[in-house]
Amino acid sequence: MSIALKQVFNKDKTFRPKRKFEPGTQRFELHKRAQASLNSGVDLKAAVQLPSGEDQNDWVAVHVVDFFNRINLIYGTICEFCTERTCPVMSGGPKYEYRWQDDLKYKKPTALPAPQYMNLLMDWIEVQINNEDIFPTCVGVPFPKNFLQICKKILCRLFRVFVHVYIHHFDRVIVMGAEAHVNTCYKHFYYFVTEMNLIDRKELEPLIIVVWTSGSSFHSQLQKQSPIYLIP
């Protein structure tokens, strides 16, 4: 592994502290199983399938936290290049603009610079995954009835980080030698959310080309989009 690629795994580069699973819990064991499958080189489409006899909510919870950690790490490696000057609007090229709404300070979809959007997004996700009423860690405590709906919103918003990184900062990813890692992480994410039906396919359109295009040639294709399409 190149020195540049090791930066992707450098904990000091993490945009937010990583959320971990408690050893001995069912979710910790599921996390280990999922990681073992990925490390063994198993087909990603097979790796994301719900294991026989396991609870769907537990499987989704494990992956939501894992994807938060991974995407948080990826953004952390390029966040110094994502500034209000370079990215005055949170977007994915000229066709997709993402607006922030949290029903607290931002009650209506609001256009924000990308780094501000990212901060609000990561703060919001941290609140969700650390909320015991939503992501219970105690054995026997049930998930809320709207758990999957909350996870769908988290994953949808995490996807937008991928869109922004791929379209606006992928040159930095290539310079770091981290292209293969980021592509694998995205494909893992894509196969999981489509297997579990957690993101509307239309929402995934900005990066659909990444799934079937290898190398960096897709980057120029991603940028050939118009006009602006606003997504709250």
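Residues numbered from 1 in each chain as written. Predicted model: local features only at pLDDT ≥ 70, side-chain atom pairs only at ≥ 80, totals over all residues. Heavy atoms only, no water.

Going by the annotation in an unreviewed UniProt entry, the name recorded for the protein is MOB kinase activator 3B isoform X1, with Vicugna pacos given as the source organism.

**Student:** Explanation requested: unusual backbone geometry in the structure shown.
**Tutor:** It is generally the case that most residues other than glycine have a negative phi and that most peptide bonds are trans. You will see that D103, though not glycine, has its phi angle at about 65°, which is positive. Mapped onto the fold, D103 is located in the loop between strand 2 (96-98) and helix 5 (114-129). Positioned with a positive phi, N197 is a non-glycine residue whose angle comes to about 55°. Residue position: N197 is located in the loop between helix 7 (179-195) and helix 8 (208-212). We classify N197 as exposed; its relative accessible area is 56%. (Helix = DSSP H or I, 4+ residues; strand = E, 2+ residues; numbered from the N terminus. Buried < 20%, exposed > 50% of the residue type's maximum accessible area, 1.4 Å probe, protein only.)

**Student:** Teacher, can you tell me more about the packing of aromatic side chains here?
**Tutor:** For any two aromatic rings, the description comes down to two numbers: the centre-to-centre distance and the angle of the planes. Counting across every chain of the model gives 14 aromatic pairs. Taking 5.2 Å as the distance between ring centres and 75° as the angle between the ring planes, the aromatic pair formed by F67 and F189 counts as edge-to-face. Pair noted here: F67 is in helix 4 (residues 56-78) and F189 is in helix 7, with a separation of 122 residues, a long-range link. The residues F67 and F189 share a single accessibility class, namely buried. With a centroid separation of 5.8 Å and an interplanar angle of 70°, the aromatic rings of Y190 and Y191 are classed as edge-to-face. Judged by relative accessible area, Y191 falls into the buried class, the value being 18%. Chaining the aromatic ring pairs together yields one cluster made of F67, F159, F162, Y166, F170, Y186, F189, Y190, Y191 and F192. Positioned above the aromatic ring of F81 is the side chain of R172, whose terminal nitrogen or guanidinium carbon lies 4.0 Å from the ring centre. (Phe/Tyr/Trp six-rings, centres within 6.5 Å; stacked < 30°, edge-to-face > 60°. Lys NZ or Arg CZ within 6 Å of the ring centre and 35° of its normal.)

**Student:** Mind showing me how you'd approach the packing of helix 4 against helix 6 (residues 147-175) here?
**Tutor:** For any two helices packed against each other, one specifies the crossing angle of their axes together with the interaxial distance. Contact pair helix 4 / helix 6: the axes reach a minimum separation of 10 Å and the direction vectors enclose 25°. Judged on the interaxial angle alone, helix 6 and helix 4 are roughly parallel. For helix 4 against helix 6, the interelement crossing comes out left-handed. Between helix 4, through Q56, N57, V60, A61, V64, F67, F68, I71, I74, Y75 and I78, and helix 6, the contact on the second element is made entirely by F147, L148, C151, I154, L155, L158, V161, F162, V165, H169, R172 and V173. Here the contact of helix 4 with helix 6 is composed, by residue class, of 19 nonpolar, three polar and one charged. (Axes fitted to C-alpha atoms, helices over the stretch in contact; angles between N-to-C directions. Parallel < 35°, antiparallel > 145°, perpendicular 65-115°, else oblique. Left-handed = near helix turned anticlockwise from the far one by under 90°. Contact = heavy atoms within 4.5 Å. Nonpolar A, V, L, I, M, F, W, Y, C, P; charged D, E, K, R; others polar.)

**Student:** Just checking my understanding: could you explain helix 6 for this structure?
**Tutor:** What sets the pattern is the α-helix's 3.6 residues per turn: residues three or four places apart point alike. Compared with the 42 Å implied by 1.5 Å per residue over 29 residues, the 39 Å span of helix 6 between its first and last C-alpha is a close match. Maximum bend of helix 6: about 85°, positioned at H169. Downstream of helix 6 by one or two residues, G177 has phi in the positive range, about 75°. (Expected span 1.5 Å × (residues − 1). Bend = angle between axes of the 7 residues up to and from the residue.)

**Student:** Explain helix 7 to me, please; I cannot follow it from the model alone.
**Tutor:** Taking 1.5 Å per residue as the helical rise, helix 7 with its 17 residues ought to reach 24 Å, and the 24 Å between its terminal C-alpha atoms agrees with that figure. Across the 17 residues that make up helix 7, a large majority, 13, are buried. Two residues or fewer after helix 7 comes N197, characterised by a positive phi angle close to 55°.

**Student:** Is there a simple way to think about the environment of C185 in this case?
**Tutor:** Residue placement: C185 occurs in helix 7. Sequence-wise, C185 and R70 are 115 residues apart; in three dimensions their C-alpha atoms are separated by 7.6 Å. Among residues more than four places away in sequence, those in contact with C185 are F67, R70, I74 and F162.

**Student:** Help me out: how do you make sense of the nonpolar core in this one?
**Tutor:** As a rule of thumb, nonpolar side chains are buried together in soluble globular proteins. The biggest cluster of nonpolar side chains holds 62 residues, and the ones touching the most others in it are F135 and F189. Elements with a minimum of two residues in this core: helix 4, strand 2, helix 5, helix 6 and helix 7. Take this core: its biggest share by element is 15 residues, from helix 6. (Core = buried A, V, L, I, M, F, W, Y, C linked by side-chain atoms within 4.5 Å.)

**Student:** For this particular structure, what's the right way to read the packing of helix 6 against helix 7?
**Tutor:** Remark: helix 6 packs on helix 7, axes separated minimally by 11 Å, with the N-to-C direction vectors making an angle of 160°. The angle between helix 6 and helix 7 falls in the class roughly antiparallel. Between helix 6 and helix 7 the crossing geometry is left-handed. In this structure, helix 6 contributes L155, L158, F159, F162, Y166, F170, V173 and I174 to the contact, and helix 7 contributes E179, V182, N183, C185, Y186, F189 and V193. Looking at the contact of helix 6 with helix 7 residue by residue, the classes come out as 13 nonpolar, one polar and one charged.

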